[in-house]
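# Commentary on secondary and tertiary structure
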Amino acid sequence: MKTLKRNLFVKSLLLLMVVAFLGSCKKDDSGDDDIGAGATGTFTIKGTKFSGPCQSIPATSGVSGNIDVVIASSTGASFTVYNMPTGSSGTSNVVNFDDNTGFSSQLYALCVPNNGSVLYSSTGGTVTKKSSSSYEFSINMIDLSTNESVTITGSGKY
């Protein structure tokens with residue numbers, strides 16, 4: 001379990017660094033943002049709301065055509081949906097994260113709410129696409145250290 005938690009933390013940290021880098025990109029000469037206008041998201045954990053840039057990147061699972069979507073708060077909190085559906089509508093079920101899920105094509109989520117001292121992984125829930133680049137979610141998660149169950153809700157546009 002300790003190795004799994006460390007691996008998940010490293011994976012989440014790398015994605016957060018990518019988003020932080022992309023979020024710091026300046027406008028080019030044409031005036032267009034590099035990460036897209038309005039590319040923001042929010043997520044709420046136990047009554048605390050986090051918000052920040054929302055960015056999609058090629059899936060870390062290595063599955064061709066899949067994307068991962070990260071919402072990164074300036075406080076260091078992040079929420080990542082792995083293998084986000086690419087369609088423009090529909091609801092998809094989120095799977096329970098376990099040792100075999102990490103590099104598969106299954107839809108799952110991880111959340112780091114406070115610079116890594118807590119790591120939540122998905123146990124179920126749904127992601128609903130509102131357009132090809134916007135979504136809402138309600139995902140049941142568990143703290144990998146204490147086994148505390150929470151539901152994290154939010155939305156994003158990438």
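Here's a quick rundown of the structure.

Rules of the game
- Residues numbered from 1 in each chain as written.
- Predicted model: local features only at pLDDT ≥ 70, side-chain atom pairs only at ≥ 80, totals over all residues.
- Heavy atoms only, no water.
- Helix = DSSP H or I, 4+ residues; strand = E, 2+ residues; numbered from the N terminus.
- Buried < 20%, exposed > 50% of the residue type's maximum accessible area, 1.4 Å probe, protein only.
- Areas by Shrake-Rupley, 256 points an atom, 1.4 Å probe, with all protein chains shown as cover.
- Phe/Tyr/Trp six-rings, centres within 6.5 Å; stacked < 30°, edge-to-face > 60°.
- Pairing = 2+ DSSP bridges.

### Regarding the overall build of the protein chain
- Check the secondary structure of the protein chain and you find one helix and nine strands.
- Every one of the 158 residues in the protein chain was classed for burial, and the buried ones make up 44%.
- For the protein chain, the accessible area works out to roughly 7,700 Å², and carbon and sulfur atoms hold 51% of it.

### Thoughts on the packing of aromatic side chains
- Scanning the entire structure with this criterion turns up seven aromatic pairs.
- Seen in terms of ring centroids, phenylalanine 43 and phenylalanine 79 are 5.6 Å apart; in terms of plane orientation they differ by 35°. Their pairing is tilted. Here phenylalanine 79 lies in strand S4 (residues 78-84) and phenylalanine 43 lies in strand S1 (residues 40-45), a separation of 36 residues in the sequence. There is no split in this pair, since phenylalanine 43 and phenylalanine 79 are both buried.
- A ring pair is formed by phenylalanine 97 and tyrosine 108, whose centres lie 5.0 Å apart and whose planes are at 45°; its orientation type is tilted.

### Describing the pairing of strand S9 (residues 149-157)
- Residues Val150, Ile152, Gly154 and Gly156 line the buried face of S9, whereas the alternating positions Ser149, Thr151, Thr153, Ser155 and Lys157 sit on a face that is not buried.
- The pairing of S1 with S9 spans four bridges and is classified as antiparallel. Within the sheet, the bridge partner assigned to glycine 41 lies in S9 and is glycine 156.
- Across nine bridges, the pairing between strand S8 (residues 134-143) and S9 is antiparallel. Bridged to methionine 141 within S9 is valine 150.
- Counting the residues that bridge the hairpin from S8 to S9 gives five residues, and of these asparagine 147 lies at a positive phi of roughly 65°.

By themselves, these observations are geometric and do not establish any function.
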